[in-house]
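Understanding the architecture of this molecule
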Amino acid sequence: MSGPDQLFAKPRIRPRACLWVQMLILLVRPGSSDESPEGGVVDDHHAHARDEVRRGGVVWLAYATAGRHLIRLAVPAVAVFLPIGLLAASALILLVDGSAGVVNSDFELIGAPGTSLLVWSAATLVLSAAGQAVALPATVVLATGRLVGKGVSTSDAMRAAARRWPAMALLILVGVVAFAVALAAGFGILMWTGAQVTAYAVMAVLTLSAMPCLLAVAPMVLEGRSARGALARAYWVTAGASWATPLTLAFGVVLFPALAAKAVNWAVSGLPIAPAVAGYLLALVTVPFQATVIARLFLHRLGIKGTITEFEKIVDGLPASTPRRARRGPVLAALLLPGLLYGGAVLINPLGWLEVSETAVTENWPRDPDFEVSKDERPKPELDRSDLQALHAGPGGSMVMLMDGSGEAKLLTCMDSSCARTRFTWAEPVDVAGGYAAASARLTDGRLVVSTWALERVDEDELRRDPEKWRARLGLLICDATGCVPAPGGKPITEVTQTNQHGTVALAARPGGGLVVAQLHELPWSKRDVDEEGLSITTCDDPACTRPRTKELAKLPADRYRFDRRGLVAGVGPDDRPVMMRFDRDTGSIFVISCDDSACAKARVGQPVWEVSPDYSGRAHRDDTAMVVRADGLPLIAYRDVSDGAIRLLDCRTRECSRADTARLSEPGHNTGLAMVLDRDGRALVAYQDLDRERIVIAACTRTRCTRTPVTTIRRGGDDGLAMALDGHGRPMIAWMDAWNGWDLVVTTPLNLP
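Residues numbered from 1 in each chain as written. Predicted model: local features only at pLDDT ≥ 70, side-chain atom pairs only at ≥ 80, totals over all residues. Heavy atoms only, no water.

1. Let's talk about the confidence of the model for the protein chain
Low pLDDT marks regions whose predicted coordinates should not be analysed in detail. Quick reminder of the rule: As a per-residue measure, pLDDT reflects the predictor's confidence and takes values from 0 up to 100. Contact criterion: two residues are considered in contact whenever any of their non-hydrogen atoms come within 4.5 Å of each other.
When pLDDT is averaged along the protein chain, the result is 82, and 85% of the positions lie at 70 or above. Low pLDDT (under 50) marks residues 1-42, which in the prediction has 52 contacts with non-local residues, meaning those over four places away or in another chain. Contacts from residues 614-621, a stretch scored under 50 in pLDDT, to residues over four places away or in other chains number 20 contacts.

What follows is the structure, encoded as structure tokens:
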């Protein structure tokens, strides 16, 4: 009775348990010594070797052999892949051309790869496959020599593998096609029927059926067979253990190494440099274990199905040589050399790559948090992908983000620029008017002032009878490290009713500690043309706005996007003269309104960008404009050109920007997510999302002379908000939403922006 038959005949084992036990034993002991003994009487000069390789537990015995002789067995892989790796790395350095950086102390290509990088990747893949076609069979020869007790030199093994390179290349091609067919069949069934279990079952069966392609490496290099003959030999020795042999190959050559790689990556995750170095080392030392499993499994099956003569022919056919003693020093040095070079390049950064610190703030946040109550007895705030509105440098080196969606505004505070520790709190109180986005500004002392629309309490029944009794008043909140409170002594800045509602609000801090509040609002029919709305400004001598002074400034074309959060931007120059920018999302035109003095007794209106098209496709973007005021009081405006999608910079020559110089910051295409700050040298830093190339770019501009630097990769998708501010060290800190089939709030800080 054969081994499997004996397993099925055992009593007291349930059928399902019996099946699992059988599969486990077949995995570690494919075949049985009772199968097909040789006929005839032949002198067995290698009886001990035959008995050794016929033992069960192929995977574990092969791994033990590979572990004992790892240094010698790793030499072919090192000799082949070390030059390939150094050549590929050298070529990559020449090709990256500014699209590479050191992100969190690891080398990273930024953005979608270009044509040159795709060619480099294809060439590296082809060279690696060609190298594997030599390294794997050479290691099989060395492992076979170790298994049968015959010494084989590394040079002879490499020459034997090189002679069989054409056949090995054809085997690789056949294997790739076979596995591709398995994947295509599985995904085809999944797409056609939607039956996941069936699709995965078909994929698994076809993949296991193709596993003898791996075993064919042994007869190809040990018996000198062609690719076709090696495949036939592999399937012949598989017969009699049709499940156990493919499973042994699957686990010993594919799954266990993959699990080991995953475990190592998990163990070193979060450590700088370690993941790349560990991955390279693991790729090299995996080859000896895989090759030893293939060699031992082939000899094991041949010892069961073949003849003594066939076994002795393989042993006698091994290259007759006296291998020199393996010198561990050079081999270990060769194994460690790429890691040392990589670590030095990353830590010392001799090539001057961009260095970036990046944190996925919400990576470990629960997406459906349990119901919890905050201190004011309302549910704790939750974050949504469209909430990001602004980023400010807070007190004590902290960074504060204003979050506002359809409900009350919230503040997310990063304790430092890395944003590893955060605090998430409510900014607005309950019962605020919905549909109004909160605006914010940073005061000179580091605190924030936030706008809020408070509802007047009216009985619901009375409100239903008379909707005109609905009232909302614009007020201010002062926020510090502990939270937000109503501005002490502050008075309502304006009041809206059901039929007379305001739209967008913008805030700007004055140099002396006061505040400017700009508002867009509906005009009474008697004071407007059909498509006009009013712009008013409220000046305050203190952040609480205890004595607000409001003045109507201009009439502007009405925008259908009445509550556009970025349609109005306010700024104040060092001379305390306000400047406002109005972006008409419906037409793409830009208006700049400048005050002649701090009280804005007289205003000038300029239009640096005129209407392009009333139906342009870019109006769906959230963030299309940004403005800062330079030290000389002149505004700088970054905007998305609606005619071609390019990001452009206006360097205004007058305060109302009636004349301006223009610079193009991006290529035409799908660009969005604008934010702009002035650095300590007075340069304009403009951050935007280049969605076509899947990256975020910072353009650093002195007047209209600009340099562009990609700073991070958009891994999921963009267009869901971007904000930027300088941290306590004067470095630009970018907060953005990486969103597509899931989302994360990401904070990116370039550490050495040129």
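Structure's up, so let's keep going.
2. Focus on the state of the cysteines
Note the threshold: Note on disulfides: each one is a pair of cysteine sulfur atoms within 2.5 Å. Only protein chains enter the calculation, and the probe is 1.4 Å; a residue is then buried if its accessible area is under 20% of its type maximum, exposed if over 50%, and partly exposed in between.
A complete count under the given rule lists six disulfides for this structure. One disulfide bridge connects C414 with C419, the sulfur atoms lying 1.8 Å from each other. Judged by the torsion about the S-S bond (-45 degrees), the C414/C419 disulfide is left-handed. For C414, a relative accessible area of 0% puts it in the buried group. Linked covalently through their sulfurs, C652 and C657 form a disulfide whose S-S length is 1.9 Å. Every disulfide takes its handedness from the sign of the S-S torsion; for C652 and C657 that torsion is -80 degrees, giving left-handed. Note on accessibility: C652 and C657 belong to one class, buried. Looking at the protein chain, its bonded cysteines, counted consecutively from the start of the sequence, adopt the pairing 1-2, 3-4, 5-6, 7-8, 9-10, 11-12.

3. Some remarks on the pattern of salt bridges
Worth spelling out the cut-off: The salt bridge criterion pairs a side-chain nitrogen of Lys or Arg with a carboxyl oxygen of Asp or Glu, the two atoms within 4 Å.
This structure, assessed with the given rule, holds 31 salt bridges. A salt bridge links R604 to D596; the nearest nitrogen and oxygen atoms lie 3.1 Å apart. On the basis of relative accessible area, R604 is assigned to the partly exposed category, the value being 40%. Across the pair D690 and R695 runs a salt bridge, and its minimum N-O distance is 3.4 Å. Across the pair, R695 and D690 agree in class, each one buried. A cluster of three or more residues bridged by salt bridges with shared partners is formed by R510, D541, R547, R549 and D576.

4. Digging into the sheet that holds strand β5 (residues 399-403)
So the rule is basically this: The pairing criterion for strands is at least two bridges between them, as found by DSSP. Numbering of helices and strands runs from the N terminus, with a helix taken as a DSSP run of H or I at least four residues long and a strand as a DSSP run of E at least two residues long. Orientation is described by lines fitted to C-alpha atoms, with helices fitted over the stretch in contact, and by angles between N-to-C directions that extend from 0 to 180 degrees.
As summarised here, the arrangement of the four strands in space is β4-β5-β6-β7, forming an open sheet in which the pairing is antiparallel. A strand with exactly one partner marks an edge of an open sheet, and here the two such strands are β4 (388-393) and β7 (422-426). Taken pair by pair, the neighbouring strands of this sheet meet at an average axis angle of 20 degrees, ignoring direction. Note that β5 and strand β6 (residues 410-414) share five bridges and pair antiparallel. In the strand pairing of β6, V400 is matched with T413.

5. As for helix α10 (residues 196-210)
The condition is simple: Between the first and last residue of a helix there are one fewer steps than residues, each counted as 1.5 Å, and that sum is the expected span.
An ideal rise of 1.5 Å per residue puts 21 Å on 15 residues; α10 measures up with 21 Å between its terminal C-alpha atoms. Taken together, the buried residues of α10 touch α9 (165-193), α11 (212-215), α13 (227-238) and α14 (244-268).

6. Focus on the nonpolar core
Filter applied, for reference: Here, nonpolar core means buried Ala, Val, Leu, Ile, Met, Phe, Trp, Tyr and Cys residues that are tied together by side-chain atoms lying within 4.5 Å of each other.
Ranked by size, the top nonpolar core spans 68 residues in total, and within it V140, M220, L222, F298 and L299 carry the most contacts. Ranked by residues supplied to this core, first place goes to helix α7 (residues 115-148) with 11 residues.

7. Some points on the packing of helix α15 (residues 274-305) against helix α17 (residues 328-348)
Test applied: Note on terminology: angles under 35 degrees are roughly parallel, angles over 145 are roughly antiparallel, angles of 65 to 115 are roughly perpendicular, and the others are oblique. By definition, any crossing whose near helix is turned counterclockwise from its far helix by less than a right angle is left-handed, and any crossing with a clockwise turn is right-handed. Gly counts as polar in this scheme, as do all residues outside two lists: the nonpolar Ala, Val, Leu, Ile, Met, Phe, Trp, Tyr, Cys and Pro, and the charged Asp, Glu, Lys and Arg.
Axis separation between α15 and α17 bottoms out at 9 Å; the angle between their running directions is 160 degrees. With respect to α17, the element α15 is oriented roughly antiparallel. Considering the relative orientation of α15 and α17, their crossing is right-handed. Facing α15, whose interface residues are A276, V277, Y280, L281 and L284, α17 presents L335, L336, P338, G339 and Y342. For the contact of α15 with α17, the per-class residue count stands at nine nonpolar, one polar and no charged.

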